[in-house]
Amino acid sequence: MPSGCRKMQSAAALVAGAAAAEAFSLAPATAPVLRGTAPSAGPAANGAAPPQAAGDDSSTPATATPSSVPTTAAAAGGAAALAVLGAASSARAARRERRLRAKTTRAAVTMLEKDATAMTTPGEALKKLEQYVKERGGSRVLKRILIANNGMAATKAILSMRQWAYLELGLDQVFEFVVMATRDDLDANAEFIRLADTFVEVPSGKNVNNYANVDLICETAKAQKVDAVWPGWGHASENPDLPKKLKELGVTFIGPPSPVMSVLGDKIAANILAQTAGVPSIPWSGDGLTANLTEEGTIPEETFKKGCVTTAAEAVECAERIGFPVMVKASEGGGGKGIRMCGSKEEIEANFPQVQNEAPPGSPIFVMQLCKGARHIEVQIVGDEHGNAVALNGRDCSTQRRFQKIFEEGPPTIVPRDTFLEMERAAQRLTQNIGYVGAGTVEYLFNAESKEFYFLELNPRLQVEHPVTEELTRVNLPATQLQVCMGIPLDRIPQIRRFYGRDVDDSSPIDFLEDNYVYPDRHVIAARITAENPDDGFKPTSGQINRIKFQSSVSCWGYFSVGANGSIHEYADSQFGHIFAH
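Keep in mind the model is a prediction, meaning the values are calculated, not measured.

Caption draft 1: Spatial organisation of the pairing of strand β17 (residues 524-530). Pairing of strand β14 (residues 407-410) with β17 involves 4 bridges; the strand directions are antiparallel. By the bridge assignment for β17, E408 is matched with A526. Here β17 runs beside strand β23 (residues 575-581); their pairing, made up of 6 bridges, is antiparallel. Paired with I529 across the two strands is G577, which belongs to β23.

Listed below in structure tokens is the structure:
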């Protein structure tokens, strides 16, 4: 069972503490002026000895005349009386001071108590969320969420969902976020742990021990009594076993159903489905294959195997048929891993074992022709459980290094608008036909000279570069994922209605396959910030971060997964920041 669960101090408590400290500092700190005290008694009143008479010397016997003794005694008695009066007056003033301080403190505490009472309670916040979901046609409320990820993904999810709750509901503490955290992330001062309400310490090491461990995620979800699990990208986000096992536990998976994830998340099955739907495909090992989905929502196994290569010899045979150069790819690869470009038989024989080793164990492998000079174009899609699918414009992610995106921009201006509209509609039909639910990305290769495009793959998850789309459309994608999983139809989500130029309070339907959205009025470019070693071919590296200094503005902003005095540990993704400008 997960252990080390600890409740973290909430932002509201920190604000209240700061307010309390500020309120208490309003009490006067200097001594009050004592009224009605004789001037000569001032020093006595302040605790000093009364001033001695001129020429008075305690070591010399007094030589005053008898007549002068009473006068001196009277004077001394008068001074003593004034001193007592001053002391008594000072004591009264001190008591008044204490009463004043106590009154000020009580007032400050009362003020804070009133403010706390005025703040929305958890019950009221839940009621407001329930009202929102009901008014928008939803069917369930998701409040306590497990973020089954770390780094950039976990940080962005929490920031986005809280921002949406504040802007849409006027509340920033509607959701409760539980995160999984390894000792490596704790020691690295990871930002997502600070942002969460609760963290559960999980085993360190490779992600199969933690963030990619489906059984551990399900065990944590059950122990923490969460309503939903957000998988992010990477790790277990494309493992169909995760939504399947969570469904058995009665926990909502914020993503597509297991069968759909299985068939679309698999690059081989996705290509077969694309061909079946009439979407153009580049020559590959599964040329011409079509299939109808089984009752379980999967590609028939016999058809699926025809699109795979299992040995280097089979890969060579396929490459010779479709023509060199080719890409040898693992179906479950990603992030630049499990993929190699090969220009000859010898290169395939050398690279095939590397593709096998980099991909998850048992991942199918396929071969596709390399499309030279093509642009990598993406269409952001979201499907709901009511059969709708919306395309939220797209991105040009052609600038890559080692098959890893480093710059992204949108809209993809290299593609003519009418051609891009065809790409969007094809993506919508493809996802709509199989009942896709959640956010996903349909990727194409686009030939700028011939204006032709080819289906590449469909990623059944949110992608790192999704903030480019958010900046273009003003649609908060993690929050949209959440609303879709609450059963809210896409055309009832306020931000999507705004994107289509519709009244957010109206319930008129939107036909996403016929109606056009308001084209974006800006261009956005993004750059990834990664930890790399320039002396070692810019390979990913780990180490301490001494300082991060970046000032966000309206037109240029960014977010980071670690702060000052943090670090990138050996098991962490090398990307720790993302910057966007428009």
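Here the narrative resumes.
Caption draft 2: Broad picture of the nonpolar core. I145, I147, F175, V229, W230, L264 and Y444 are the most contacted members of the largest nonpolar core, which has 123 residues in total. Counting residues per element, this core draws most heavily on helix α5 (residues 151-169), at 9 residues. Ignoring sequence-local partners within four residues, the contact set of L264 consists of A270, L273, I434, Y436 and L458. Grouped together as the second largest cluster of nonpolar side chains are 17 residues, A312, V326, A359 and I365 included.

Caption draft 3: Broad picture of the environment of R492. Within the secondary structure, R492 sits in the loop between α17 (477-485) and α18 (494-499). As a C-alpha pair, R492 and G138 span 354 residues in sequence and 9.2 Å in three-dimensional space. With near-sequence residues (within four places) excluded, R492 lies in contact with E135, R136, G137, R497 and S507. Only 2.5 Å separates the side chain of R492 from the backbone oxygen of E135, close enough to count as a polar contact.

Caption draft 4: The arrangement of the packing of aromatic side chains in detail. Applying the stated criterion across every chain yields a total of 13 aromatic pairs. Here W230 and W233 contribute two aromatic rings whose centre-to-centre distance is 6.3 Å and whose plane-to-plane angle is 75 degrees, an arrangement assigned as edge-to-face. Residue W230 is classed as buried on the basis of its relative accessible area of 1%. W233 gets classed as buried once you look at its relative accessible area, which sits at 11%. Centroid distance W557 to F580: 4.9 Å. Interplanar angle 25 degrees. Geometry classified as stacked. With W557 in strand β21 (residues 556-560) and F580 in strand β23, this pair connects stretches of sequence that are 23 residues apart. A connected cluster of aromatic rings, assembled from ring pairs, spans Y132, W164, F175 and F177. The ring of Y519 carries the charged tip of R417 above its face, separated from the ring centre by 3.5 Å.

Reading the values: rules and limits
Each residue is numbered by its place in its chain's sequence as written, counting from 1. Thresholds applied to this predicted model are a pLDDT of at least 70 for local features of residues and 80 or more for the giving and counting of side-chain atom pairs; totals over whole chains, interfaces and linings are not thresholded and use all residues. Calculation of side-chain values draws on the structure's entire complement of heavy atoms; hydrogens and water are dropped beforehand. Here, strands pair whenever DSSP counts at least two bridges between them. Helix and strand definitions follow DSSP, with helices as H or I runs of at least four residues and strands as E runs of at least two, each counted in order from the N terminus. What makes a nonpolar core is a set of buried Ala, Val, Leu, Ile, Met, Phe, Trp, Tyr and Cys residues whose side-chain atoms join them at distances within 4.5 Å. Relative accessibility decides the category of a residue: with a 1.4 Å probe and only protein chains considered, values under 20% of the type maximum give buried, values over 50% give exposed, and everything between is partly exposed. Here, two residues are considered to be in contact whenever any of their heavy atoms come within 4.5 Å of each other. Polar contacts, as used here, are pairs of N or O atoms within 3.5 Å; protein pairs need one atom able to donate a hydrogen and one able to accept it. Residues neighboring in sequence count only if both atoms are side-chain atoms. For this analysis, a ring pair means two rings from Phe, Tyr or Trp (six-membered ring only for Trp) whose centres lie within 6.5 Å, classed as stacked if their planes differ by under 30 degrees, edge-to-face if by over 60, and tilted for the remaining angles. Over a ring means this: the NZ of a Lys or the CZ of an Arg is within 6 Å of the ring centre and within 35 degrees of the ring normal.

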